[in-house]
Each structure stands twice: as C-alpha cells, then as structure tokens.
Amino acid sequence: MTEEEKIQRLIRLKRHEKPREGYFEDFLEEFQSRHEQESGSAKSGAKTWSLAGWFRGKGTSGWVLGSGLAYAALVILILWWPKGPESGTDQSRQPVIYEPKPEQGPKNPPPEVPPSGKEF
Amino acid sequence: MTVTKGARSAKITDFMPDESTNRPAPDSDADLVGRARDGEMAAFDELVVKYSPRLYGMVYHMTSNKEDTHDLLQDIFAKAYRSLSRFKGKSSFYTWIYAIGTNMTFNFLRKRKRRATWSLDHVDSGIQNDEAMVDLGYASNPRHQSDVNELQKKLNEAMQSLSEDHRAVVTMYDIQGIPHAEISKILNVSEGTVRSRLFYAHKQLQGHLAEFMSS
C-alpha cells in the first residue's frame, strides 16, 4: 500500500463521524419552525420583503436598478428638503419684493415758482 | 455503513443516500424543486431530508465543530429556499445546494475569530464503527478506545491544519467520495486544480499523521 493510499484510508475513517440518532428529524423540525417564524414576521413587512425579493430575483441588473432608484430618490430628497425651520412660514424672512407706493401729495411741497420768474 | 432504523428515523433513511454511491435521481429533485417554488413547503422539506446528512458531513469536516455545523446548516437550507427562483437547472440540485453550502462554509471560516474547537464529548458515533475497527474489537475494548479517540482527535487536528481550499477537496473526495469532475463544478475550478490540491493536501496530512500510518 502506497503512502497516498494509507493516508486516504485514515481520512476515510472520518466517514463514520455522525451526529446522534434522531438528529436529522430534529433538524427538520427546527428548520420548519424557523421558516414559520420568518414567514410570520415577513407578513408585517410584506411589501418590503416582496420588493427585496424582487430585486434579489433580478440578480446583477437588480443591483444596478436598485442603485439608480436609490440615487434618484436621494436627489429628489435633497431638492425638496426644506432649507430650515424658518423657511416657508416666517414672512419676515421672505424675499422683499419692491412695490412702489401709490403716489400721494408731497408733505413739503417745493416753493412755488412765479410764472414770471421774478425774484423775491 | 449500517443505519439503525427506528420509528422516528424511518423517513430519514428512506431518503438518505449511501455515502459510497451516487446521489439521488435528478428527475425527482426537479419535481421537488418545481413544487417548492410553487410554495409547497413539504416538497422543500423532502429536499432537506434528502441532503441534510451529506451537507452536514461536508460542513462538519470543514469546521470540526458540531454547534457551528448545526447553525451553518440551518442557514444553508434557509438560503437555498430563498434562492430557489435562481436555480436554473443547469446543474443538478445537489450540485447547486452543495456549492451554496461550500461557499457559506468558506465565508464562515474566514470570519471565525477563534480557532476551531472539536468536542470529544459530542461525538455520538465515531470511527470505532469502521469495519476494520469492529473486527479488531476496538468497539468493546476500553484499552483501545482511548487509542481510537486519540486518532479521531489527531485526524480533526490534521484536517484543521489544512487551508480551507485543501480541506474542502479532502472532505469531498476522500471522505464523501465525490468524483473529481463533480468537485470541480462545485468549487468552480478545473479538475487539474482539484487533483493538485488533493496531492498537496495528502502530503500535508502525511506529515501530521505519520505515527498512525503504519498501524
């Protein structure tokens, strides 16, 4: 028997390392229970889960599409984000729009100039 | 390999593939996958029953830790269920889920901070059940039992001394009897790479297990 065959024979002994009797029945029960729990919690966020599942199903293109949508949402958010707490409500902060006042009689009318132009 | 059948394990043994023989027929897997995709959870449960023993073996021999194996195996099947829509049928379901399990195990090992621990107390069925061991009376001889336990410990330590890549090919080929071609599909490497990794791994293991090779 070659050295290679000897070492393979030794390693093959590990085939007999098995879990306890009944382990795989318990394993299946735990898996089923876990799936039920995850399904139950997923119902409350069903829309989010479905969306995530949809993106996952798309593979790489899903990542590209998702990134694009996220970027677009961010840009929209930045553009529509209010400038500060004062914006929109405080009239004193609103830009001043010049409106000429309606003409009134002057308070200090200029001295009348005689039509003849004679000096005093 | 003798499998003890009992009332609880009857269903498991109906689907449990023999370690040394081929995997289950692909047609039945395709049917189960199709039904599972349609929402029939019982169909996926049958796939779990079919492949959990073999996947358990792969993960356990990679991690040498039963607790980690259990947690990881749950995660593997959960991920496989979530990813069913992405199974295109280009390979068998067995190869597909085995690849998922291998990749997740690799990721787990890389993230694991602590050194892999092997618990002798949790070994329920050890190598003393090997035919050669039984013939020699190892199973009933307490004096030899300690030798067997020592050998088991050394085997796990030797396996853990290998890199993940080398440990994977030894697990799949030497322990689980998976052919080179199948291993190359699972690991997405060439058959030549599989063979060279095996050769190197065997050389490494010879160094660790020299004292047992003459016995």
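Predicted model only: the values in this text are computed from it and were never measured.

J.: Hey, could you go over the overall build of chain B for me, with residue numbers and the actual values?
T.: Of the regular secondary structure elements, chain B holds eleven helices and zero strands. Listing the helices and strands of chain B from first to last along the sequence gives α-α-α-α-α-α-α-α-α-α-α. When each of the 215 residues of chain B is scored for burial, the buried share is 35%. Intrachain contacts of chain B at a sequence separation of at least 6 include 65% that bridge at least 24 residues.

J.: Requested: an account of unusual backbone geometry, with residues and values cited.
T.: Glycine aside, a negative phi is what most residues show, and trans is what most peptide bonds show. All names here are of chain B. The backbone phi angle of S64 is positive, close to 55 degrees, even though this residue is not glycine. Structurally, the position occupied by S64 is in the loop between α3 (41-63) and α4 (66-82). Even without glycine at this site, N188 takes up a positive phi of about 60 degrees. Residue class for N188 comes out exposed when judged on the 10 C-beta atoms lying within 10 Å of it.

J.: Please give an account of the confidence of the model for chain B that cites residues and values.
T.: Residue and element names in this part refer to chain B. When pLDDT is averaged along chain B, the result is 80; 71% of the residues meet or exceed 70. Within chain B, the lowest mean pLDDT, 44, falls on helix α1 (residues 10-15), and the highest, 96, falls on helix α8 (residues 164-175). Under a pLDDT of 50 for its full length, residues 1-18 has, in the predicted model, 22 contacts with residues more than four places off or in other chains. Within the model, pLDDT remains below 50 along residues 120-125, and this stretch shows eleven contacts once partners closer than five positions in the same chain are excluded.

J.: Which residues make up the nonpolar core, and what values do they have?
T.: Counting residues in hydrophobic clusters, the biggest one holds 50 residues, and the most contacted among them are I11 of chain A together with L55, V59, V169, V170 and I183 of chain B. Here this core gets eleven residues from one element, more than from any other, and that element is α3 of chain B. If we ignore the near neighbours within four places in the chain, the residues touching I183 of chain B are V169, M172, Y173, I178 and V194 of chain B.

Procedures and definitions
- Residue positions within a chain follow its written sequence, with the count starting from 1.
- The order in which chains are written sets their letters, starting at A; the order in which ligands are written sets their numbers, starting at 1.
- Local features in a predicted model are, by the rule used here, given only for residues with pLDDT of at least 70; side-chain atom pairs are given and counted only at 80 or more, and totals for whole chains, interfaces and linings are based on all residues.
- Under the DSSP-based scheme used, a helix requires at least four consecutive residues in state H or I and a strand at least two consecutive residues in state E, with every element numbered from the N terminus.
- Partly exposed residues are those whose C-beta has more than 12 but fewer than 20 other C-beta atoms within 10 Å; with 20 or more the residue is buried, with 12 or fewer it is exposed, and the C-beta atoms are placed from the backbone.
- Working definition of a contact: two residues with C-beta atoms, positioned from the backbone, lying within 7 Å.
- One confidence number per residue, pLDDT, is output by the predictor and ranges from 0 to 100.
- Joining buried Ala, Val, Leu, Ile, Met, Phe, Trp, Tyr and Cys residues through C-beta atoms within 7 Å gives a set, and that set is a nonpolar core.

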